[in-house]
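Summary of structural features
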Amino acid sequence: GCGSGGDSKDAAADKGSVVIAGSTSVQPLSEAVAEAYMDSNPDVTVEVQGGGSGQGIKSIEEKIADIGALSREVKDEEKASVADEYVVAKDGVAVVVNKDVKVNDLTLEQIKDIYTGKIANWKEVGGDDKPITVVSREEGSGTRGAFTEITGVLEKDDAGKETDKTTKDALVQPSTGAVKKTVGSTPDSIGYVSLGALDDSVKTVKVEGIEATVDNVLSGDYKIQRPFVYVVNSEMSDTAKAFIEYATGAEGQKIVEENGFIPVN
Amino acid sequence: MKTREKAIEKIILICAAVSTLAVALITIFIFSSGFPVLKSYGVFNFIFGENWRPTGGQYGILPLIAGTLGVTLGALIIGIPTGLGCAVFLAEMLKKRSARLFKAAIELLAGIPSVVYGFFGLAVIVPVIREYILPLVQKINPDASSSGFSVLAGAIILAIMILPTIVSISENSISAVPREFREASLALGADKRETITKVILPAAKSGIFSSIILAMGRAIGETMAVLLITGNMAQIPGSPLDSAATLTGTIAMEMSYATPEHQSALFAIGIILFVIIVILNSIAQAIMRKFGGMTA
Amino acid sequence: MNKNVKSKGYFGLIGLVAAITLGVLILIIGFILVRGIPNISLEFLTDSPRMMGKEGGIFPVIIGTLYVTLVSIIIATPIGVAAAIYFSEYAKKGKLINIIRFFTEVLAGIPSVIFGLFGFAFFVVFLGMGWSVISGGLTLSMMILPTLIRSTEESLKTVPVSYREGSLALGATKWETVKKVVLPCCKSGVLTGLILGIGRAIGETAAVMLTVGGSLKLPVSVFDSTRTMAVHLYTLASEGLSDEKTYATAALLIIIVLIINTLANYISGKLAKE
Amino acid sequence: MAEKEKKFEIRDLDLYYGTFQALKKIDIDIYEKDITALIGPSGCGKSTFLRTLNRMNDLVEGCRIEGSILFDGEDIYGKDYDLIDLRKRAGMVFQKPNPFPKTIYENITYGPKIHGEKNKDKLDKIVEKTLREVGLWEEVKDRLNKSAIGLSGGQQQRLCIARCLSVEPEVILMDEPTSALDPVATTKIEALIQELVGKYSIIIVTHNMQQAARISNRTAFFLNGEILEIDDTEKIFTNPSNPKTEEYITGRFG
Amino acid sequence: MAEKEKKFEIRDLDLYYGTFQALKKIDIDIYEKDITALIGPSGCGKSTFLRTLNRMNDLVEGCRIEGSILFDGEDIYGKDYDLIDLRKRAGMVFQKPNPFPKTIYENITYGPKIHGEKNKDKLDKIVEKTLREVGLWEEVKDRLNKSAIGLSGGQQQRLCIARCLSVEPEVILMDEPTSALDPVATTKIEALIQELVGKYSIIIVTHNMQQAARISNRTAFFLNGEILEIDDTEKIFTNPSNPKTEEYITGRFG
Ligand SMILES: Nc1ncnc2c1ncn2[C@@H]1O[C@H](COP(=O)(O)OP(=O)(O)OP(=O)(O)O)[C@@H](O)[C@H]1O
Ligand SMILES: Nc1ncnc2c1ncn2[C@@H]1O[C@H](COP(=O)(O)OP(=O)(O)OP(=O)(O)O)[C@@H](O)[C@H]1O
Ligand SMILES: [Mg+2]
Ligand SMILES: [Mg+2]
Ligand SMILES: O=P([O-])([O-])[O-]
């Protein structure tokens, strides 16, 4: 949820600097918002650092950043370091295949079976008789977290213990760009990428008949999505607060939408 | 004069100490960060476990060790002869001017970021392996299959990346061999090849050896490029055409999103890596001593 | 004769290897330049990135790159060369030196992420330097030390003892001997180490990202955060933001490395003449 | 003398180091089974001349040659000339002793091994024989496997002579081979040279007039890159036709 | 002779290269303003001995010394001894010429510059003076800025002598300084040595008996690492007390 309102134009808030650190997936979006924010508040500088979601948590712990950026939800063991969290955007995760794949539509069940290795040939889901090359993201990736959870690749037993059942035969790529390049150039391959990064180098398939679009994610029809989260520690400055308000506010959300991500407010 | 000399010696000593201190600090850092997981999970389980599923709490790195050794050895097997060949070519066969140009070009390779190598590998090497090398292999073994993301691809890209180190440092050493030795050999009726292999290379062996050690370090430590083209499957590769994950690649790939325990496990990989480097270096030193020792 | 055939084979093979290397070299550099150069424009060189780097240029990033590289080289060169001199000229040959040298080599095999994490924990957090040019410069200098030390040391070894004897016999001190006779014979070794080190520093991503940060501001002081081209390139490529800008950045980086290497060669040539 | 065959015929030889002309219009014949001494003041071009005969100067950057050198009638600077063969047949002892940074044993066996000798016994024999010939055997027989770099100056020089003999060349080019030797060792080497000349042709650079007079049949006097006089040694030392030669030989030169 | 001051006093000197003993119980005094010649067969330890006097053997790995060497009364192997000062005061000409890979001019000015001479005129003067003394000036005056590596063997040797003189040492240690020189150049160097001895002490290793007889006042005869005999040169060459010495001098040795 969003912090309490308050006057964003008070004297302390439109001066000084804000440092954001964390997920490289959120980084470009943060930069775009920061750019716009600095245009309207010339006395504020917003610096955006990368490093990864884990680094985001660490940075606010060590108090070297004002805001930590995560491309996933805050995990239970991290809750202690986080005073407050704000979802600034949502990102749809599109399922993509190589252009030579004839399949256009997959169910969540089929996707799960493909990723757990149960289905290994395209003919089993209505395509050519070709073995499927599965491309996934690395362990710990926010994208992978959302994808495996929603498709059921991540199995929860009764005790609540989670196991990621992704087939060991999956190629693992460390970033959205790498997955896109891999799927684009490897015949018969399937992968999943952030909605904001989609282009025509790969073919996007419908999931349960629903196309991966901003609108469908917004409406909730398209199921595979994850949040972009800003986290802060207990010593949030007014400047940082003002920036978060801007990002979650109307102007910020417009930028979110312009960049192919899904606004939350 | 004497005090100045003493002062300079002190300064030089301090510089040497600083570089040593750097090693010590980073060693302490790795060990202290990685030790908890090693202790709780068990060193044996950690090293010989065959399952790497950190989100599921399984930290077995045997497949990663296998992948690392495969890719590194592959890179050395391709890179060392190529690099030495180039060094000999530059020092002995090329005119000075062209040699300088060639060397400068090879040194350019050192400045290209690994991501670029990675994407180059994705765009060129992986498809080439899938479309040209695989069919060749299939003529011998019809069951062979490969997506192109493979140990071989990693080895090739690494071999290219370590070339500047091997070529530059070896070439320096070869060029520094005094002309007298060359003359003595030629005057005995040795041809150029014999002079090179029997007199010049042995005389330059210390430098060549150093270049190989450094290159090996680079090969093991390199991450980003390998990461993009080996497929990162945490399975023990059965052939060079299989996909594999490496220790360093896994660290680089997962560190940024890891939770605290997962992160500690990644540091524990760092410890193992440290030990592996120490072992490989020792082996290399031993081999070198066998070859007649390093020139003092 | 038989021997002749062997020789022909040997040099043929070496020539072939060199030709292949040259081919690969041209392929890689060509691959990048051909895709990159058409996208380099004046705007690209002088503007700041906009729209997540999809638009605009990379001016502050160029400056950041040069800044970080320069700082790391300035720190690493004297320390590396001095350490090499210590190891080869001053240190008594013995176990301890061998062990130290051995571990310096081990340093060469530590993956750069770990350097990054170390730099983050030590320089950025512990010493309170923050994400900054200096944190990154220090981290990178640690990374390039092994290459610099080893390359210099190897060169020092090739200088004949008789030169040292000649100088010492004239009453020169050890340091004078090293400075005026030995080192001038080693400039190619120092230069090689330096060029390889510059390459490593300029092309490094992970270590820099964690210690220099990724700010797009023009850095002024060494305590400012900035972004290097390699990091920018990494973000562009791995988030799949813009192929054009990615290749343009890569091409520009190669051109910059080329310029720096040429400059280093030139300066060392100048120094040698003095 | 005239019945002897010509081994080398040098015609109109000019040699330049960059712009500096080190040899000028050298024109001389070297006979088979004959000892030719080259004498002349320091820097006059003796070493340079010697090094053109086995084309060792090819290695010196900026060194350029004009004229022709025939070895057994063939032009050694000709396009298709077999350089390896030339150097095998014309062995050289350098002015500065240059042993390889290898063991004493390896220094001597290097040449024979290169030319295909693999038999350990034969190699051992060659080592002992050549080291005995140069009078080094007794001094080093217990340290054949130690580095040759640890030898004294004179020992290194003798080792280099032994190394040259190990491949049994037809011509031996010696550049001041006894400069670092004491009288006894020198006598030994001179005796060796006189023994060898039955089989080989020898060209020796020396700055020792007595040595030239003692061992050579013909002597060439170099000055400033030119050969001022070449003749039978006896003639040169008793009745030189050029006054400069006389001045030099009697030590009144300069 | 006896009135002359002792410059070096060497007592009970043993020297080992690893396990090999190269010098055995050397016990000898070197006098000021005196020329001492060291003679003996190749490999007997002359160079080794000379190199202990300015502690040049410190650079040889595995070299170990026992006994004492006093220079002007001070033990040069003492703990606090100023090595730099020793080497400045005891200059050395090496057996193998070792010019720096620098220009001829830089080779000569290297020493004076090290010791603080910055005045260009003075340096120029030193260059000309020392090169003239060794008889090299005329040969190289037009190429002072060319590399010394391009000099002939004898030229390099003379350059190294000039380089040694450039710092005006008190003692000059010469290891076969004329081995690569022709008679004329040798005469010149010998005359120089005799001129220098008015100011300096000179120790010269030579394998040329005539040279030892001609220029030295005292002569030491080395054999197998020992000094067999040391005495006035005249005595040694006319009436040696050790039969071995006589055998060696007359060339009947071995
Ligand atoms: N660095 C070394 N390591 C081992 N042995 C050595 C070393 N230097 C010299 N020797 C040995 O010590 C002995 C004395 O050597 P030294 O150079 O003093 O002889 P020298 O009298 O100068 O002979 P020469 O007239 O041939 O120069 C020789 O037997 C030599 O082989
Ligand atoms: N590499 C070179 N570059 C330039 N000049 C050279 C080179 N080598 C020799 N010279 C010059 O050529 C001339 C002849 O040299 P060379 O070595 O033939 O003399 P030398 O007769 O052997 O003298 P020495 O008796 O002193 O050895 C000398 O003036 C020398 O300085
Ligand atoms: Mg000569
Ligand atoms: Mg000697
Ligand atoms: O946003 P990611 O964690 O999948 O890179």
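The rules behind the values
Residues numbered from 1 in each chain as written. Chains lettered and ligands numbered in written order. Predicted model: local features only at pLDDT ≥ 70, side-chain atom pairs only at ≥ 80, totals over all residues. Heavy atoms only, no water. Helix = DSSP H or I, 4+ residues; strand = E, 2+ residues; numbered from the N terminus. Buried < 20%, exposed > 50% of the residue type's maximum accessible area, 1.4 Å probe, protein only. Contact = heavy atoms within 4.5 Å. Areas by Shrake-Rupley, 256 points an atom, 1.4 Å probe, with all protein chains shown as cover. Lys, Arg positive; Asp, Glu negative; His and termini not counted. Charge placed at Lys NZ, Arg CZ, Asp CG, Glu CD. Pairing = 2+ DSSP bridges. Right-handed = clockwise from strand over helix to strand, strands pointing away. Axes fitted to C-alpha atoms, helices over the stretch in contact; angles between N-to-C directions. Parallel < 35°, antiparallel > 145°, perpendicular 65-115°, else oblique. Nonpolar A, V, L, I, M, F, W, Y, C, P; charged D, E, K, R; others polar.

Glancing now at the overall build of chain C. Secondary structure summary: chain C contains twelve helices and two strands in total. The secondary structure elements of chain C, listed N-terminal to C-terminal, are α-α-β-β-α-α-α-α-α-α-α-α-α-α. For chain C, the C-alpha atoms occupy an extent of roughly 65 × 60 × 35 Å along the three principal directions. Burial statistics for chain C: of 274 residues in total, 65% are counted as buried. Of all intrachain contacts in chain C linking residues separated by at least 6 positions in sequence, the fraction that spans at least 24 positions is 73%. Carbon together with sulfur atoms contributes 71% to the accessible area of chain C, which is approximately 9700 Å² in total. Charged side chains in chain C number 23 positive and 15 negative. The centres of these two groups are separated by 11 Å.

This next bit is on the overall build of chain B. When helices and strands are counted, chain B shows twelve helices and two strands. Structurally, chain B occupies a C-alpha span of about 70 × 65 × 35 Å along its principal axes. Residues counted as buried form 64% of the 296 residues belonging to chain B. As displayed, chain B has an accessible area near 10600 Å², and 68% of this comes from carbon and sulfur atoms. Each charge sign in chain B was given a centre, from 22 positive and 16 negative side chains, and these centres are 9 Å apart.

For the rest of this paragraph, the subject is the pairing of strand E1 (residues 16-22) of chain A. Residue and element names in this part refer to chain A. The buried fraction of E1 is high, at five of seven residues. Note: E1 against strand E2 (residues 44-51), six bridges, orientation parallel. In the strand pairing of E2, Val19 is matched with Glu47. Traced from E1 through helix H1 (residues 27-40) to E2, the parallel crossover comes out right-handed. Taken together, the three bridges between E1 and strand E3 (residues 67-70) define a ladder with parallel strand orientation. Residue pairing across strands places Ile20 opposite Ile67, the latter belonging to E3.

Below, the discussion takes up the sheet that holds strand E5 (residues 74-75) of chain D. All names here are of chain D. Reading across from one edge, E2-E1-E4-E5 is the order of the four strands in this open sheet, with antiparallel pairing throughout. Each edge of the open sheet carries a strand with a single partner, namely strand E2 (20-31) and E5. Sheet topology places strand E1 (residues 6-17) next to E2; eight bridges connect them, and they run antiparallel. Residue pairing across strands places Tyr16 opposite Gln21, the latter belonging to E2. Against the sheet, helix H1 (residues 46-53) engages E1, E2 and strand E4 (63-71), with an angle of about 120° to E1.

Relative to each other, helix H6 (residues 151-175) of chain B and helix H9 (residues 187-203) of chain C sit at 175°, their axes nearing to 9 Å. As far as their axial angle goes, H9(C) and H6(B) are roughly antiparallel. Across from B:Pro164, B:Thr165, B:Ser168, B:Ile169 and B:Asn172 in H6(B), the residues of H9(C) making contact are C:Ser188, C:Gly189, C:Thr192 and C:Leu196. A per-class count over the contact of H6(B) with H9(C) returns three nonpolar, six polar and no charged.

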